[in-house]
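The chain contents come next:
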Amino acid sequence: MWNVLLIITSQVTWCGSHIRKMKKKNFGLLSLKPHQGKKFNNSPATMTSALVGKWELESQNNFEAFMRKMGVEEEKIAKAKTEKQSVEITSSGDTFTITVHNPAKTFSNTITVGQENEIELANGQKAKGMITAEGGKLITKMAKMSRTSEVVGGKLIDISECEGVTYKRIFKKM
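Quantities reported herein were computed from a predicted structural model and do not represent experimental measurements.

**Considering the nonpolar core**
Reasoning step 1: Counting residues in hydrophobic clusters, the biggest one holds 29 residues, and the most contacted among them are F66, M67, M70, I89, L121, L138 and M145.
Reasoning step 2: Among the elements that take part in this core, helix α2 (residues 63–70) stands out by supplying four residues, more than any other.
Reasoning step 3: Setting aside residues up to four positions removed in sequence, F66 forms contacts with M145, S160, E161, C162, V165 and Y167.

Given below as structure tokens:
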């Protein structure tokens, strides 16, 4: 029987596509064949590469409540609610540039995974945030707000939380 050892690092030696499921006493076991000499890149850029591209807003939940919590004026909320929004994400190594396009305003944030970054928020204010990449998700944590972005079923799912108010956006690839 083969032993299984998981190693998390920026460069992992992978055992190829020789993963198979085995059953023993009603438990699913994961077994790997011996090392085949292939490399698997587990860097943040590789884990989050599905995020890269141009995305168009398809739907959103709790937009108004979230914007109010962020301190955005009612007039701007009403206008932004009906505007078409898109997001463009590019990457270079562990650095991502996220550009938000809408008729009222276009702004960009360039962030580096594993570092504290200054981020422009929807209300125009700037905040410091720590960016991490975990299992294909890009996660931002700030003092009063957090955001998680990931691709699920070909859609970009962006979930933000500010002091107990959650805002979910779903984007389709352009």
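**Overview of the layout of surface pockets**
Reasoning step 1: Considering only enclosed or pocket space, the largest pocket measures out at about 890 Å³ in volume.
Reasoning step 2: What lines the largest pocket is a set of 40 residues, among which Q85, V100, F107, L121 and A122 lie closest to the centre.
Reasoning step 3: The greatest single-element share of the lining of the largest pocket, amounting to four residues, is contributed by α2.
Reasoning step 4: Grouping the amino acids of the lining of the largest pocket by side-chain chemistry returns 23 nonpolar, eight polar and nine charged.

**As for the UniProt feature "domain: Cytosolic fatty-acid binding proteins" (unreviewed entry) in the protein chain**
Reasoning step 1: The UniProt feature table records "domain: Cytosolic fatty-acid binding proteins" (unreviewed entry) at residues 53–70.
Reasoning step 2: Secondary structure over residues 53–70 splits into 44% helix and 50% strand, and the C-alpha atoms at its two ends are 27 Å apart.

**Some thoughts on the packing of aromatic side chains**
Reasoning step 1: As enumerated under the stated definition, the model contains two aromatic pairs in all.
Reasoning step 2: Taken together, the aromatic side chains of F63, F66 and Y167 make up a single cluster linked through ring pairs.

**Some words on the pattern of salt bridges**
Reasoning step 1: Within the structure shown, the criterion is met by eleven salt bridges.
Reasoning step 2: For K144, the salt bridge goes to E163, with nearest N and O atoms at 3.8 Å. Residue K144 is found in the loop between β11 (137–142) and β12 (145–152), and its partner E163 is found in the loop between β13 (155–162) and β14 (165–173); the two are separated by 19 residues along the sequence.
Reasoning step 3: Several salt bridges share partner residues, and in doing so they unite E64, R68, E74 and K81 into one network.

**Here's the deal with α2**
Reasoning step 1: F63, F66, M67 and M70 are the residues of α2 that are buried. Seen along its axis, α2 keeps its buried residues to an arc of 100°; they face one direction.
Reasoning step 2: Immediately downstream of α2, the backbone of G71 shows phi near 90°, a positive value.

**With respect to unusual backbone geometry**
Reasoning step 1: Although it is not a glycine, N62 sits at a positive phi angle of roughly 70°.
Reasoning step 2: By the secondary structure assignment, N62 is in the loop between β5 (53–61) and α2.
Reasoning step 3: N62 sits in the partly exposed class, given a relative accessible area of 40%.
Reasoning step 4: The residue E163 is not glycine, and still its phi comes out positive at about 45°.

**So, the packing of α2 against helix α3 (residues 74–82)**
Reasoning step 1: Contact geometry of α2 with α3 gives a least axis separation of 10 Å together with a crossing angle of 145°. The two elements α2 and α3 cross, and the hand of that crossing is right-handed. Contact residues: α2 offers F63, E64, M67 and R68, while α3 offers E74, I77, A80 and K81.
Reasoning step 2: When grouped by side-chain class, the residues that make up the contact of α2 with α3 number four nonpolar, no polar and four charged.

What counts, and where the lines are drawn
Residues numbered from 1 in each chain as written. Predicted model: local features only at pLDDT ≥ 70, side-chain atom pairs only at ≥ 80, totals over all residues. Heavy atoms only, no water. Core = buried A, V, L, I, M, F, W, Y, C linked by side-chain atoms within 4.5 Å. Buried < 20%, exposed > 50% of the residue type's maximum accessible area, 1.4 Å probe, protein only. Helix = DSSP H or I, 4+ residues; strand = E, 2+ residues; numbered from the N terminus. Contact = heavy atoms within 4.5 Å. 1 Å grid on protein atoms, 1.4 Å probe; cavity = no way out; pocket = protein on both sides within 12 Å on 5 of 7 lines; lining within 4 Å. Points joined across faces, edges and corners; volume = space filled by probe spheres on them. Nonpolar A, V, L, I, M, F, W, Y, C, P; charged D, E, K, R; others polar. UniProt positions renumbered as here; feature names shortened; annotations may be inferred. Phe/Tyr/Trp six-rings, centres within 6.5 Å; stacked < 30°, edge-to-face > 60°. Salt bridge = Lys/Arg side-chain N within 4 Å of Asp/Glu carboxyl O. Arc of directions from axis to C-beta. Axes fitted to C-alpha atoms, helices over the stretch in contact; angles between N-to-C directions. Left-handed = near helix turned anticlockwise from the far one by under 90°.

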